[in-house]
Amino acid sequence: MTTEQAPATAPAHHGYISSKDDYLKRLRRIEGQARGLQKMVEDEKYCIDILTQVSAMTSALQSVALGLLDEHLHHCVVRAAAEGGPEADEKIREASAAIARLVRS
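Residues numbered from 1 in each chain as written. Predicted model: local features only at pLDDT ≥ 70, side-chain atom pairs only at ≥ 80, totals over all residues. Heavy atoms only, no water.

Q: What is the right way to read the overall build of the protein from this model?
A: Regarding its fold elements, the protein presents 3 helices and 0 strands. The order of helices and strands in the protein, counted from the N terminus, is α-α-α. Burial statistics for the protein: of 105 residues in total, 21% are counted as buried. Here the analysis covers contacts within the protein between residues at least 6 apart in sequence; of these, 52% occur between residues at least 24 apart. For the protein, the computed accessible surface area is about 7,700 Å², with 58% contributed by carbon and sulfur atoms. (Helix = DSSP H or I, 4+ residues; strand = E, 2+ residues; numbered from the N terminus. Buried < 20%, exposed > 50% of the residue type's maximum accessible area, 1.4 Å probe, protein only. Contact = heavy atoms within 4.5 Å. Areas by Shrake-Rupley, 256 points an atom, 1.4 Å probe, with all protein chains shown as cover.)

Have a look at this one:
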């Protein structure tokens, strides 16, 4: 089974679904920050001011990533661990890989 497919017996409900609107609001804000950064470069703003905004945007993205990871651990991984079997091992591998990517970024 790939990570995009859900078991045939149950619909896929991701852990973040109850906070979906909050995540979308935050991502739209981040999208606005990206547009603001583009405008700053177009307008030839001072490099330190641009870097400050890049840092703010990076922090915002990291916050979203950590929230999603927390939701994944508390919902998807806990559910899979309770059910046991190969899906539990796969969810733990996925979470470990996601953590490794976040640490490297």
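Q: Please clarify how unusual backbone geometry should be interpreted in this entry.
A: Across the chain, the bulk of peptide bonds are trans and the bulk of non-glycine residues have phi less than zero. The phi dihedral of Glu44 falls on the positive side, at around 55 degrees, and the residue is not glycine. Counting through the fold element by element, Glu44 comes out in the loop between helix H1 (20–42) and helix H2 (47–83).

Q: I'm lost on the nonpolar core in this one. Help?
A: Generally speaking, soluble globular proteins have nonpolar side chains that are buried together. Tyr23, Ile30, Leu37, Met40, Ile50, Met57 and Val64 together form the largest nonpolar core, which totals 7 residues. If you list the elements that add at least two residues to this core, you get H1 and H2. Residues in contact with Leu37, not counting those within four places in the same chain, are Ile50, Gln53, Val54 and Met57. (Core = buried A, V, L, I, M, F, W, Y, C linked by side-chain atoms within 4.5 Å.)

Q: How do you make sense of the pattern of salt bridges when you look at a structure like this?
A: Close approach of charged atoms allows side chains with opposite charge to pair. Going through the model one piece at a time under the given rule, you end up with 6 salt bridges. As a salt-bridge pair, Glu90 and Arg93 come within 3.2 Å of each other at their nearest N and O atoms. Remark: Arg93 and Glu90 occur in helix H3 (residues 86–104); sequence separation between them is 3 residues, near one turn of the helix. Using a relative accessible area of 31% as the deciding quantity, one classes Glu90 as partly exposed. Counted as one network, the salt bridges with shared partners bring together Arg79, Glu83 and Glu87. (Salt bridge = Lys/Arg side-chain N within 4 Å of Asp/Glu carboxyl O.)

Q: Looking at this structure, I do not really get H2. What am I missing?
A: Since one α-helical turn is 3.6 residues long, residues separated by three or four positions face the same way. The end-to-end C-alpha separation of H2 is 52 Å, in line with the 54 Å expected for 37 residues at 1.5 Å each. Taken as a whole, H2 carries its principal kink of about 35 degrees at His72. On its buried side, H2 packs onto H1 and H3. Taken from the residues just after H2, Gly84 is the one with a positive phi, measuring 75 degrees. (Expected span 1.5 Å × (residues − 1). Bend = angle between axes of the 7 residues up to and from the residue.)

Q: Please clarify how the confidence of the model for the protein should be interpreted in this entry.
A: Detail in the predicted coordinates should be disregarded across regions flagged by low pLDDT. Taken as a whole, the protein shows an average pLDDT of 88; of its residues, 89% reach a score of 70 or greater. The model gives residues 1–11 a pLDDT under 50, and that stretch makes 5 contacts with residues more than four places away or in other chains. (pLDDT = per-residue confidence, 0-100.)

Q: Even after reading the chapter, I still don't get H1, so can you show me in this structure?
A: Across its 23 residues, H1 extends 33 Å between first and last C-alpha, which sits within 8% of the 33 Å expected from 1.5 Å per residue. Those residues of H1 that sit buried are Tyr23, Ile30, Leu37 and Met40. Taken together, the buried residues of H1 touch H2. Among the residues trailing H1, Glu44 stands out with phi positive, at a value near 55 degrees.

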